[in-house]
Every structure is written in structure tokens, then in C-alpha cells.
Number of protein chains: 2
Amino acid sequence: MAQELTQTGGYNAFSFNHIAERVGIKKPSVIHHYPTKEALGKAVVQRYRETFEAALQSIACDSDKTAFQAFEFYCTPYTDFGASNDKVCLCGALAGEFMALPDDVKKEVKQFFEDHILWLEGILKRGKKAGEFSFKEKPNILAKLILDSLQGALIVKRATGDGDQVHQIIAALKSRLIGN
Amino acid sequence: MAQELTQTGGYNAFSFNHIAERVGIKKPSVIHHYPTKEALGKAVVQRYRETFEAALQSIACDSDKTAFQAFEFYCTPYTDFGASNDKVCLCGALAGEFMALPDDVKKEVKQFFEDHILWLEGILKRGKKAGEFSFKEKPNILAKLILDSLQGALIVKRATGDGDQVHQIIAALKSRLIGN
DNA sequence: GTCTATACAAAGATAGAC
DNA sequence: GTCTATCTTTGTATAGAC
């Protein structure tokens, strides 16, 4: 509930009251579960990050999957967000107002991005070693380029309303990985 | 003043009072110039967009400059934002909280992105025709990829604190344009 | 766990004096 | 153009009953 509101309008656009209305209880009942907005914000990002990362870990450790399949799996949430017309990645939304976030929320967002870069870097190395991928950049830099492109694609796409944009960016990234 | 506050914390993180304090006047004096927050927000984004676009137009029409030089010129504001540790592109910040923005502000942000994609597309076409650039994607799609990468790089970089990231992304984009 | 009631601060906005 | 004073709403948060 808080996650949806944050994905659409950011951290400063939601309140205990908004959550309460959606859940069907009153404001103090929400506060009973999360004593401050910072605690609520942290919990939401933390859950988002951990859910995401558990899925990434399981696919990274699955030796049945090729690096390319792992990359395709990574792209599915971005495709889903891109298919909606009001949602972006939770951390992409929060990053726009980063300096206005409480410290605990900042830390979660930071860790989210860092973990994703590390994961992508691992997949890129694996794919290059296996001969699936061919690229000349350092894996770390290409990982950043992929993450930045996808995050950027989501927020720009939502503003322009260009429904194809996310697909196009993913296709361009894929062809860069296998082609060159 | 409002621009700086918005670049760091987004639309919902600044108020008439914040502006007033920075400028050294009182809240109602600010409201005298911009009767509503929506009007202030619109004026700020509009000025940002028009300043940006005037510079882009002048370089695009300058036949002394190569397409590659025009692209380098395009990247300079991103480099500057990347060199700060708290600022991103104004429209990148606003895009994160897009669904919580007033309509007039939304329109300005949308137009900003659309104009940039068009401008980049023009430069890409010119560079390919002149033999400066070699790429196989459609210019429109590569233009989106460039904009998305740069916008994404700024917001991710600010969250992670990775000072080199924006430079690395720009270098990777350049080598993609001329190399391949 | 959920509620009513309430405190307190901040935000957007207006009226009217100087 | 700028100010003081004021209004209204909203937001975070607490106290205490059920």
C-alpha cells in the first residue's frame, strides 16, 4: 500500500492518512505498526529490496540458467513497471528526492542500487566467460550503464507516456550484450 | 532558488517558506510573485527547459561544430550535476514523483524530455550522415537510450555516491557512437 | 489492534496595511 | 514589493479508552 503510493508519487507524497484510507483503518492504527514515517519508509524499501534480491540470488545460483536468461529475468520487473502507466521502480522514484529522505531510507536506496550493480556485474562476467556475451567495457561500468538505462527509461517513459520505450531500451541492451 | 531546492529534494520537499528564507524575504512576498505553488513550479521548470533548449538550438545550428562536439556539449550539464554531490537534472528529480505533480508541471517535464529526445535524434542523424558516428539502432531509439542513461546515471550516482559514474557512462556512450 | 480525541507544526493561501 | 496577521488544511505524533 505504502509501496504503491511511493512508486507513483514518491516519499513526500504519501502520508499515514493515505495508507490508512487504502487499508481501511484509521491513522493511529497505522502509526501503531510503524511509529514514525521514517520507520515505515525504511520498512517498505527494505522489503522491496530484499524481495528483489532473493529472486536475483536464486537465479544467479541456478546453473541451469544461462547468463542471458538471468539478464532477461532481471528485466522482467522493469517490463512490468513499464507496462503500467503510473509506476516506476520504488528506488528510482525515491532517488529523485534523495536529499529530502530520512537517513534510514537513504541507506536502503543506496544499498539497493549497489547490490544491483554487483549482481549485474556477476552476470556479465559469467556471460563473457561462457562466450554468451561480447563487450569491451569493464563489467562494472557496463553494469552501471544497464542499471542507469533501465531506471532512466522508467522515469522518462512515465513522463512522456511512450509505452514502447522500456521494451526498446531492453532490446537495445540485449543486442549490445550479444552483438557488438 | 526554487530550482536548487527542487533539484535536491524534489517538488514536494520545498515550500514558499524555504524559498522566502533563502531569498531573504517573507512567505507572502514570494506568493505575490507566484500566486500558487503550481505556478511557481511551472515557471521554474519552464525557465530551466527554455534555457537548456536555447543552448541546444544554438549548437545544433552551428555548422562549425561537428556532431560529436555537439554531443559533448550536450553532456556538459550532466557532468556538472555529477560533480556536485546533491544535484541532479531538475526534470529527472521531478520525474520520480511525477504522479504527484500538478498538471502544468507535468506538461513542462514531459516537453523537456520529448524535446531532448528530438534534439539528440537530430544530432545522431547528422553524425551518421557525416560518417562521424556508426550505430545500427534507429536514431530515435538510441536517442532515448542516451537520455535514459544520463538521467539514470545522475540519480543512481547521487544515491550511491560514486563520483566517477557519470563520467564512465558518458565515456561508454561516446565509444558506442564512434566505435562499434 | 483499533479507535476517538487532541496536540503541535508546517504548508498553501488571503486580506489588508505600509 | 514587502510586510503582519490570520485562516484552513494537512501531516506527524501522542494519550488513553475499548
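Participant: Please set out the protein's contact with DNA strand C residue by residue, giving values where relevant.
Facilitator: Near DNA strand C you find 16 residues, and of these K26, S29 and H33 of chain A together with S15 and K37 of chain B are the closest. The sugar and phosphate moieties of DNA strand C supply 59% of its atoms located within 4 Å of the protein. Between DNA strand C and K26 of chain A there is a distance of 2.5 Å, counted from a phosphate oxygen to a backbone nitrogen or oxygen. A distance of 2.8 Å separates a phosphate oxygen of DNA strand C from a polar atom in the backbone of K37 of chain B. Taken together, the elements giving at least two residues each to the surface near DNA strand C come down to α3 (27-33) of chain A together with α2 (16-23) and α3 (27-33) of chain B.

Participant: Summarise a nonpolar patch on the surface; cite the residues concerned and give the values.
Facilitator: A surface patch of nonpolar side chains, about 260 Å² in accessible area, is lined by M1, V23 and I25 of chain A. Within the secondary structure, I25 of chain A sits in the loop between α2 (16-23) and α3.

Participant: Now, about the protein's contact with DNA strand D: what can you tell me, with residues and values included?
Facilitator: In the vicinity of DNA strand D lie 16 residues, with K27 and K37 of chain A together with K26, S29 and H33 of chain B positioned nearest. Among all atoms of DNA strand D positioned within 4 Å of the protein, those belonging to sugar or phosphate total 51%. The contact in question runs from a phosphate oxygen of DNA strand D to an N or O atom on the backbone of F16 of chain A, over 3.0 Å. Between DNA strand D and H33 of chain B, the relevant distance is 2.7 Å, taken from a phosphate oxygen to a side-chain nitrogen or oxygen of the residue. Elements with a minimum of two residues in the surface near DNA strand D: α2 and α3 of chain A together with α3 of chain B. Residue classes in the surface near DNA strand D are distributed as seven nonpolar, six polar and three charged.

Participant: Go over the relation of the copies chain A and chain B, please, and point to the residues and values.
Facilitator: Of the transformation superimposing chain A on chain B, the axial component is 0.0 Å and the angular component is 180 degrees, with the fit at an RMSD of 0.0 Å. Each copy turns onto its partner about a two-fold axis. Counting the interface residues of chain A, we find that 100% of their copies in chain B are interface residues as well, pointing to one common contact surface.

Participant: Explain the nonpolar core residue by residue, including any values.
Facilitator: One recurring pattern in soluble globular proteins: nonpolar side chains tend to sit buried together. Y74, V109 and F113 of chain A together with Y74, V109 and F113 of chain B are the most contacted members of the largest nonpolar core, which has 118 residues in total. Excluding anything up to four places from it in sequence, Y74 of chain B contacts F52, L56, H116, W119, L120, L147 and L150 of chain B.

Participant: Describe the interface of chain A and chain B, with residues and values.
Facilitator: Tallying the contact residues gives 43 residues for chain A and 43 residues for chain B. Buried surface at the junction of chain A and chain B, both sides included, amounts to about 3,600 Å², of which 64% is carbon and sulfur. On the chain A side of the interface with chain B, the three residues burying the most area are M99, D148 and A159 of chain A, jointly 15% of the side's total. Joining chain A to chain B, the criterion identifies two salt bridges. Linking K144 of chain A and D162 of chain B is a salt bridge whose minimum nitrogen-to-oxygen distance equals 2.6 Å.

Participant: Can you tell me about the packing of aromatic side chains, naming the residues and giving the values?
Facilitator: Under the defined criterion, the tally for this structure stands at 16 aromatic pairs over all chains. Note on F112 of chain B and F113 of chain B: the rings are 5.7 Å apart at their centroids and 75 degrees apart in plane angle, and the pair reads as edge-to-face. As far as the burial class goes, F112 of chain B and F113 of chain B line up, both buried. The cationic tip of K37 of chain A hangs over the ring face of F14 of chain A; the distance from NZ or CZ to the ring centre is 4.6 Å. Geometry around Y11 of chain B places K37 of chain B over its ring, the cationic atom sitting 4.6 Å from the centre.

Participant: Hey, could you go over the pattern of salt bridges for me, with residue numbers and the actual values?
Facilitator: Scanning the model with the defined rule gives 23 salt bridges over all chains in all. Between D104 of chain A and K107 of chain A there is a salt bridge; the shortest N-O distance is 4.0 Å. Of the two residues, D104 of chain A and K107 of chain A are both situated in helix α7 (residues 103-129); the distance of three residues between them amounts to about one turn of the helix. Its relative accessible area of 26% is what places D104 of chain A among the partly exposed residues. The class of K107 of chain A is exposed, set by a relative accessible area of 56%. E53 of chain B is the salt-bridge partner of R49 of chain B, the closest N and O atoms lying 3.2 Å from each other. Taken together, the positions of R49 of chain B and E53 of chain B, both in helix α4 (residues 37-61) and four residues apart, correspond to about one turn of that helix. Each member of the pair R49 of chain B and E53 of chain B is classed as buried. Connected via shared salt-bridge partners are R49, E50, E53, E108 and D115 of chain A.

Cut-offs used in this document
- Residues numbered from 1 in each chain as written.
- Chains lettered and ligands numbered in written order.
- Predicted model: local features only at pLDDT ≥ 70, side-chain atom pairs only at ≥ 80, totals over all residues.
- Heavy atoms only, no water.
- Near = heavy atom within 4 Å.
- Polar contact = N/O pair within 3.5 Å; in protein donor to acceptor, adjacent residues only side chain to side chain.
- Helix = DSSP H or I, 4+ residues; strand = E, 2+ residues; numbered from the N terminus.
- Patch = residues over 30% accessible without salt bridge, like charges linked within 9 Å, V, L, I, M, F, W, Y side chains within 5 Å.
- Areas by Shrake-Rupley, 256 points an atom, 1.4 Å probe, with all protein chains shown as cover.
- Salt bridge = Lys/Arg side-chain N within 4 Å of Asp/Glu carboxyl O.
- Nonpolar A, V, L, I, M, F, W, Y, C, P; charged D, E, K, R; others polar.
- Least-squares fit on C-alpha atoms with pLDDT ≥ 70 in both.
- Contact = heavy atoms within 4.5 Å.
- Core = buried A, V, L, I, M, F, W, Y, C linked by side-chain atoms within 4.5 Å.
- Buried < 20%, exposed > 50% of the residue type's maximum accessible area, 1.4 Å probe, protein only.
- Buried area = accessible area lost by both parts, 1.4 Å probe.
- Phe/Tyr/Trp six-rings, centres within 6.5 Å; stacked < 30°, edge-to-face > 60°.
- Lys NZ or Arg CZ within 6 Å of the ring centre and 35° of its normal.

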